[in-house]
Amino acid sequence: MDFSGIASGESLDAVVEDWKPVNFKTNNPQDLALLRLKNTEKIPTDAKPVTLVNTQDIYGNRFQAYGFSRNTGAWADGEIKGKVSYGKFQIEATTVTGYALDGGFSGTAIWDDNLQGVIGIAVMADKKQMDAKAAFFMPTEMLLKAFPKLWEIANINGYLPEIISLL
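Structural notes, computed from the coordinates. Just so it is clear, the model here is predicted, and its values are computed rather than measured. (Residues numbered from 1 in each chain as written. Predicted model: local features only at pLDDT ≥ 70, side-chain atom pairs only at ≥ 80, totals over all residues. Heavy atoms only, no water.)

1. With respect to the layout of surface pockets
For the second largest pocket, the calculated volume is near 390 Å³. Lining the second largest pocket are 20 residues, and of these Gln30, Asp31, Lys88, Val123 and Met124 lie nearest its centre. Put simply, the parts of the chain that give the lining of the second largest pocket at least two residues each are β7 (117-125) and β8 (134-139). At four residues, the largest contribution of residues to the lining of the second largest pocket is made by β7. (1 Å grid on protein atoms, 1.4 Å probe; cavity = no way out; pocket = protein on both sides within 12 Å on 5 of 7 lines; lining within 4 Å. Points joined across faces, edges and corners; volume = space filled by probe spheres on them. Helix = DSSP H or I, 4+ residues; strand = E, 2+ residues; numbered from the N terminus.)

2. Let's talk about the sheet that holds strand β3 (residues 62-67)
Reading around the barrel, the six strands line up as β3-β4-β5-β8-β7-β6 and close back on themselves, with antiparallel pairing between neighbours. Pairwise comparison of adjacent strand axes, ignoring direction, gives a mean angle of 45° for this sheet. Sheet topology note: the β3/strand β4 (residues 74-83) ladder contains six bridges and is antiparallel. The residue of β4 that forms the bridge with Gly67 is Ala74. (Pairing = 2+ DSSP bridges. Axes fitted to C-alpha atoms, helices over the stretch in contact; angles between N-to-C directions.)

3. Here's the deal with the pairing of strand β5 (residues 89-92)
When β4 meets β5, the two strands line up antiparallel, connected through four bridges. Across the sheet, residue Gly82 finds its bridge partner in β5, namely Gln90. Here β4 folds back onto β5 in antiparallel fashion, the turn holding five residues, of which Tyr86 has a positive phi close to 60°. Of the pairings in the sheet, the one linking β5 to β8 comprises four bridges and is antiparallel in character. Directly across from Ile91, in β8, lies its bridge partner Ala135.

4. Brief notes about the packing of aromatic side chains
Summed over all chains, the structure comprises four aromatic pairs. Residues Phe89 and Phe137 carry aromatic rings whose centres are separated by 5.2 Å and whose planes lie at 15° to one another, so their mutual orientation is stacked. With Phe89 in strand β5 and Phe137 in strand β8, this pair connects stretches of sequence that are 48 residues apart. Judged by its relative accessible area of 2%, Phe89 falls in the buried class. We classify Phe137 as buried; its relative accessible area is 0%. An aromatic cluster is defined as three or more aromatic residues linked by ring pairs; in this entry it consists of Tyr59, Phe89 and Phe137. (Phe/Tyr/Trp six-rings, centres within 6.5 Å; stacked < 30°, edge-to-face > 60°. Buried < 20%, exposed > 50% of the residue type's maximum accessible area, 1.4 Å probe, protein only.)

5. Some thoughts on the side chain of Lys88
Along the polypeptide, Lys88 turns up in the loop between β4 and β5. One buried charged residue, Lys88, forms no salt bridge at all, with the nearest opposite charge on Asp31 at 8.8 Å. Beyond its immediate chain neighbours, meaning those up to four positions away, Lys88 contacts Gln30, Gly82, Lys83, Val123, Met124, Phe136, Phe137 and Pro139. (Lys, Arg positive; Asp, Glu negative; His and termini not counted. Salt bridge = Lys/Arg side-chain N within 4 Å of Asp/Glu carboxyl O. Contact = heavy atoms within 4.5 Å.)

6. Some thoughts on the environment of Ile121
Assignment of secondary structure puts Ile121 in strand β7. Taking C-alpha positions, Ile121 is 8.6 Å from Phe136, a pair spaced 15 residues apart along the chain.

What follows is the structure, encoded as structure tokens:
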């Protein structure tokens, strides 16, 4: 695990605590892993837990995401379009310049600017069209369904009290 931006070049080991394998054409959460950091004493002091928020009333909101489709990482932003099949949501880059979400963003948090919290994680980009700016994310409700253990953690003031990464 890398805390780029606050401790670039330093990484921490993690173990897979739980895993949901790929199961196509289902509304169940899939292709997800819950990771737990092994050496928590090495977490950078600037690392802070995030707020998980639900996905009610997010249509048209602005989002941000940070991914590694480029060696040094890159920011992407845009608009939340709406819910699509299999419990996912569609998002789109809305500018001509800048980056759209692509393969290097898989598993990254999708931050809702209006709600000031994480509404899900990136799961796939549209690569059927070369100029497509659309991508999809799995909402927090699906993450909590996949890993009920997160309910115990996330119910404390809506914050995760320890650093847990979802991929």
